[in-house]
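A look at the structure
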Amino acid sequence: MANTFERVRFVLVETSHPGNVGAAARAMKTMGFSDLVLVNPRDADVLTHAEAIALASGATDVLAAARIVHSLDEALAGCNFSVALSARPREFSPPLFEPRQLAEHLVTDTALKAALVFGSERYGLSNEQVSKCSALVSVPANPVYSSLNLAQAVQVIAYECRVAALGEVRSEDTIGFRGERASAEQVEGMFTHLEKALIDIDFLDAKNPKKLMPRLRRLFARAELEVEEVNILRGIATQLISKRQRIRKD
Ligand code: SAH
């Protein structure tokens, strides 16, 4: 499997300042990373914007190779571990990591293909965007003013990942057999299927869903699902739905 630098993607969601995109590219390159994806930047031509190029400095190659996509799901395609970066803790968040713990995890588990997801300057990440991720990471900043500049947040996280990667001379994971990790698309497909089944069996009230799905997302994020496990859950959902249909017919 590829080394840490090739397994970590940086995703910037709805960025408004071209300078921040350039500075983020520079922050990434100085730490050895190059996979940059932008989700709906405010300026569609941001990659060729003069401010972005100026702040990228010697990292214009990272900028030029960056991709622009139109949804977070698209940005997560091909990844099997996604991390929301936020200064704010959330009530129904996926498991919370410190930047250093995250970096260790990314380096140690070489089957991970990770997306690090950063929010917009003005609004950060929405709860829905956070809930799509497998983990939440906060830089433990000054509690009275914890909001870092976007590119500086990228720098801090990229630095931690680099330090962890350089220090890596560890043995593989010790949990024993590990199957292939489920991709973001497979996990999303499973949630859609499971939600439908839960509505079908009247466990989930579509009109008043409360926090069931966010709680289940949190549970499954902790489990770090494998492909086989996603298939089992989908099999259960299929069976629930068809059983319910048979009961309705009788
Ligand atoms: N006004 C926004 C802050 C946006 S800062 C808000 O209230 O959420 C832009 C992005 O930088 C954030 O969405 C987050 O991805 C990252 N960031 C800033 N400070 C951070 C911190 N202390 N820990 C982790 N990420 C942070």
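None of the values given here were measured: they were computed from a predicted structure. (Residues numbered from 1 in each chain as written. Predicted model: local features only at pLDDT ≥ 70, side-chain atom pairs only at ≥ 80, totals over all residues. Heavy atoms only, no water.)

Focus on empty space enclosed by the protein
For the coordinates displayed, the defined rule picks out two cavities of 30 Å³ or more. Counted as a void, the largest cavity has a volume near 260 Å³. Looking at the largest cavity, it is lined by 21 residues, and the ones nearest its centre are K132, C133, S134, V187 and A221. Looking at the lining of the largest cavity element by element, the count peaks at four residues for helix α9 (residues 184-200). Tallied by class, residues from the lining of the largest cavity come to 11 nonpolar, five polar and five charged. Of the domains in this structure, domain 1 (4-174) and domain 2 (184-249) are the two that each give at least three residues to the lining of the largest cavity. Of the volumes computed, that of the second largest cavity is approximately 40 Å³. Lining the second largest cavity we find F92, S93, P94, S131, C133, P214, R217 and R218. In terms of residue count, the dominant contributor to the lining of the second largest cavity is helix α10 (residues 212-223) (three residues). (1 Å grid on protein atoms, 1.4 Å probe; cavity = no way out; pocket = protein on both sides within 12 Å on 5 of 7 lines; lining within 4 Å. Points joined across faces, edges and corners; volume = space filled by probe spheres on them. Helix = DSSP H or I, 4+ residues; strand = E, 2+ residues; numbered from the N terminus. Nonpolar A, V, L, I, M, F, W, Y, C, P; charged D, E, K, R; others polar. Domains from an automatic or database assignment.)

Here's the deal with the sheet that holds strand β2 (residues 35-39)
Strand order in this open sheet of seven strands is β3-β2-β1-β6-β4-β7-β5, and the pairing throughout is parallel. Of all strands in the sheet, those bounded by a partner on one side alone are β3 (67-69) and β5 (96-97). Bridge analysis of strand β4 (residues 81-85) against strand β7 (residues 135-137) gives three bridges, and the strand direction is parallel. Bridge assignment links L85 to a residue of β7, and that residue is V137. Packed on one face of the sheet, helix α2 (residues 18-30) meets β1 (8-13) and β2 and runs near 155 degrees to β2. The strands touched by helix α8 (residues 150-166) are β1, β4, β6 (114-118) and β7; relative to β6, the strand with the most contacts, the crossing angle is about 150 degrees. (Pairing = 2+ DSSP bridges. Contact = heavy atoms within 4.5 Å. Axes fitted to C-alpha atoms, helices over the stretch in contact; angles between N-to-C directions.)

Side note on the packing of α9 against helix α11 (residues 227-249)
Direction vectors running N to C along α9 and α11 enclose 25 degrees, while the axes themselves pass 9 Å from each other. With respect to each other, α9 and α11 are oriented roughly parallel. For the crossing formed where α9 meets α11, the hand is left-handed. Residue-level contacts link Q186, V187, G189, M190, H193, L194, K196, A197 and D200 of α9 to V227, V230, L233, R234, A237, T238, L240, I241, R244 and R248 of α11. When grouped by side-chain class, the residues that make up the contact of α9 with α11 number 10 nonpolar, four polar and five charged. (Parallel < 35°, antiparallel > 145°, perpendicular 65-115°, else oblique. Left-handed = near helix turned anticlockwise from the far one by under 90°.)

Describing the side chain of H105
Tracing the chain through its elements places H105 in helix α6 (residues 99-108). Among the polar contacts made by the side chain of H105, one reaches the side chain of E224 at a distance of 3.1 Å. Setting aside residues no more than four positions away along its own chain, H105 makes contact with F81, F97, L112 and E224. (Polar contact = N/O pair within 3.5 Å; in protein donor to acceptor, adjacent residues only side chain to side chain.)

Some points on the layout of surface pockets
In this structure, the largest pocket occupies an estimated 450 Å³ of space. For the largest pocket, the lining is made up of 22 residues, of which S86, A87, G124, S147 and L148 are closest to its centre. Split into classes, the residues belonging to the lining of the largest pocket amount to 10 nonpolar, eight polar and four charged. What the second largest pocket holds in volume is close to 280 Å³. What lines the second largest pocket is R90, E91, F92, S93, N127, E128, V130, S131, K132, K211, P214 and R217. Those elements that provide at least two residues to the lining of the second largest pocket are α7 (127-131) and α10. Of the residues forming the lining of the second largest pocket, the biggest block, four residues, is contributed by α7. The residue makeup of the lining of the second largest pocket includes at least three contributed by each of domain 1 (4-174) and domain 2 (184-249).

Thoughts on the site of the ligand
In the neighbourhood of the ligand, 19 residues make up the surrounding shell, with L85, G119, V139, S146 and L148 lying closest. Measuring from an oxygen atom of the ligand, one finds a backbone N or O atom of G119 at 3.0 Å. In this structure, E121 approaches the ligand through a main-chain N or O atom, which is 3.3 Å from a nitrogen atom. In the complex, 88% of the free accessible area of the ligand, which totals 550 Å², lies under the protein chains. According to the grid-proximity analysis, the pocket containing the ligand is the largest pocket. Its residues assigned to classes, the shell around the ligand shows nine nonpolar, seven polar and three charged. (Near = heavy atom within 4 Å. Areas by Shrake-Rupley, 256 points an atom, 1.4 Å probe, with all protein chains shown as cover. Sits in = over half its atoms within 2 Å of the grid points.)

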